[in-house]
Amino acid sequence: MKSIIGRFIFLSYFITAGLTLAAQKPKVVCSASMIWDITKNIAGDHVEHGLIVPIGGDPHLYEPTPADAQLVYEADLIFINGLTFEGWILELIANSGTKAITDTVTSGIVPISSSKYKDSFDPHAWMDVKNGQIYTRNIKDALISLLPDKADEFNANFQTYTKKLKELDDYIIKRISEIPEEKRVLITSHDAFEYYGKRYGLRLEAMMGISTESEAQTSDMIRISKTIKETGIPAIFIESTINPKLIQQVAKDNNVMIGGELYADSIGDEDSHGNSYINMLKHNTDVIVDALSHEINPDNLNKSESGSLWPYLIVGLFFVLGLLLLIIKLNK
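Just so it is clear, the structure is predicted and the values come from calculations on it, not from any experiment.

Calculation rules
Residues numbered from 1 in each chain as written. Predicted model: local features only at pLDDT ≥ 70, side-chain atom pairs only at ≥ 80, totals over all residues. Heavy atoms only, no water. Pairing = 2+ DSSP bridges. Helix = DSSP H or I, 4+ residues; strand = E, 2+ residues; numbered from the N terminus. Axes fitted to C-alpha atoms, helices over the stretch in contact; angles between N-to-C directions. Contact = heavy atoms within 4.5 Å. Phe/Tyr/Trp six-rings, centres within 6.5 Å; stacked < 30°, edge-to-face > 60°. Lys NZ or Arg CZ within 6 Å of the ring centre and 35° of its normal. Buried < 20%, exposed > 50% of the residue type's maximum accessible area, 1.4 Å probe, protein only. Lys, Arg positive; Asp, Glu negative; His and termini not counted. Salt bridge = Lys/Arg side-chain N within 4 Å of Asp/Glu carboxyl O. Polar contact = N/O pair within 3.5 Å; in protein donor to acceptor, adjacent residues only side chain to side chain. Right-handed = clockwise from strand over helix to strand, strands pointing away. pLDDT = per-residue confidence, 0-100. Patch = residues over 30% accessible without salt bridge, like charges linked within 9 Å, V, L, I, M, F, W, Y side chains within 5 Å. Areas by Shrake-Rupley, 256 points an atom, 1.4 Å probe, with all protein chains shown as cover. Charge placed at Lys NZ, Arg CZ, Asp CG, Glu CD.

Thoughts on the sheet that holds strand E4 (residues 101-104)
Part 1 of the reasoning: In spatial order, the strands read E2-E1-E3-E4; together these four strands make up an open sheet with parallel pairing. Each having just a single partner strand, strand E2 (48-51) and E4 make up the two edges of the open sheet. The mean angle between the axes of side-by-side strands here comes to 20°, regardless of whether they run parallel or antiparallel.
Part 2 of the reasoning: Sheet contacts for helix H2 (residues 33-43): strand E1 (27-30), E2 and strand E3 (77-80); angle to E2, the most-contacted strand, approximately 170°.
Part 3 of the reasoning: Along the sheet face, helix H5 (residues 129-146) touches E1, E3 and E4 and points at about 170° away from the line of E3.

Considerations on the packing of aromatic side chains
Part 1 of the reasoning: Per the stated rule, a full pass over the model turns up four aromatic pairs.
Part 2 of the reasoning: Lys40 extends its terminal NZ or CZ atom over the ring of Trp36, reaching a point 3.7 Å from the ring centre.
Part 3 of the reasoning: Geometry around Phe158 places Lys140 over its ring, the cationic atom sitting 4.7 Å from the centre.

Quick notes on the side chain of Glu239
Part 1 of the reasoning: For Glu239, the location among the structural elements is in strand E7 (residues 235-239).
Part 2 of the reasoning: Buried charged residue Glu239 carries no salt bridge. Nearest counter-charge: Arg223, at 11 Å.
Part 3 of the reasoning: Only 3.1 Å separates the side chain of Glu239 from the backbone nitrogen of Ser189, close enough to count as a polar contact.
Part 4 of the reasoning: Among all residues touching Glu239, those that are not within four sequence positions of it are Thr188, Ser189, His190, Ala192, Phe193, Glu261, Leu262 and Ala264.

A short note on the pairing of strand E8 (residues 257-262)
Part 1 of the reasoning: Across four bridges, E7 lies against E8 in parallel orientation. Considered in E8, the bridge of Ala235 is made with Met257.
Part 2 of the reasoning: Read as a crossover between parallel neighbours, the route from E7 over helix H9 (residues 245-253) to E8 is right-handed.

Brief notes about the pattern of salt bridges
Part 1 of the reasoning: For the structure shown, the criterion picks out eleven salt bridges.
Part 2 of the reasoning: Asp286 is the salt-bridge partner of Arg175, the closest N and O atoms lying 3.0 Å from each other. In this pair, Arg175 sits in helix H6 (residues 151-176) while Asp286 sits in helix H10 (residues 277-292), placing the two residues 111 residues apart along the sequence.
Part 3 of the reasoning: For Asp286, a relative accessible area of 16% gives the class buried.

Here's the deal with the confidence of the model for the protein
Part 1 of the reasoning: For the protein, mean pLDDT is 85; residues scoring 70 or higher make up 77% of the total.
Part 2 of the reasoning: Scored below 50 in pLDDT, residues 4-21 makes zero contacts in the model with residues more than four places away or belonging to other chains.

Observations concerning the pairing of E2
Part 1 of the reasoning: One ladder, built from four bridges, connects E1 with E2; its direction is parallel. Looking across to E2, one finds that Val28 is bridged to His49.
Part 2 of the reasoning: For the segment spanning E1, H2 and E2, crossover handedness is right-handed.

Digging into a negative patch on the surface
Part 1 of the reasoning: On the surface, a cluster of negative charge is contributed by Asp45, Asp149, Asp152 and Glu153.
Part 2 of the reasoning: With respect to the secondary-structure elements, Asp45 resides in the loop between H2 and E2.

Details of unusual backbone geometry
Part 1 of the reasoning: At Leu83, a residue that is not glycine, the phi angle is positive and equals roughly 55°.
Part 2 of the reasoning: Within the secondary structure, Leu83 sits in the loop between E3 and helix H4 (89-96).
Part 3 of the reasoning: At Thr84, a position not held by glycine, the phi torsion is positive, near 65°.
Part 4 of the reasoning: Within the secondary structure, Thr84 is located in the loop between E3 and H4.
Part 5 of the reasoning: The exposed category is assigned to Thr84, whose relative accessible area is 56%.

As for the environment of Asp68
Part 1 of the reasoning: Structurally, the position occupied by Asp68 is in helix H3 (residues 66-73).
Part 2 of the reasoning: For Asp68, a relative accessible area of 6% translates into the label buried.
Part 3 of the reasoning: Once residues within four sequence positions are removed from consideration, Asp68 is found in contact with Ile52, Tyr62 and Leu92.

Pasting the structure below:
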């Protein structure tokens, strides 16, 4: 009996010690999923990871909740993108009362300036893998400041991850070269791919501006349609965090295909092809190259859309027949 009680006490002590150790881990909170994923690759299980904007959410339009304020309050270190990507983040941090250090991971990146607004910048710097390496270095340095005794592990993880980023950068360059030069035109829902285009040699056109808060104007639709006709590109693209209806209508009006779904402001969920920072850019590249480097048969476009009309046509036919029968019955 004493042996059983002793084992129970030991087990209870072990569990309590484990929970205490877990509670002692510093909490690192990230504003967006790309930053969160990079942080996990560098920090591993030495910190407790928190994410404000959930995967699939739009950081441009996100509205913080009381739970987010609590998450930020409990943080020891907060990573944000900056460059007006999360316009609400500084107010959330200030109102939470947190004592956490706030680190802007785009520090050291030369941002692309907005052509429309003074002192405004394109926040989507992670789309260039070279910039992704700067994100990674900034995150590593901040983690070392937070946990100096884990510096060797963070540096080792940094070296491993940086190698993967170099391989990704080479992969994108090689794949984009497969697209005929005259077809290297990327049309998307909003202007999130400027860094990507500048690094990898694509002309960018978008229905909306840098932020998804902006709305497409008639002039934007005319501009996009003109670009499609001038370049003869076979496809345009939707984005995972944006309603696709407008870009689908433009594709239909111009008899081009939807080349696929791209990840811009969030990585994909766990079961998707874009379930990490590296995988989102690899997926985007494969989708873009596969759609733009092949000739598309216009007769095959929008078949799924036209096919979906059949149920309505059948219902309409039965309605007309029913109406005719009613008229014949009334005339007897």
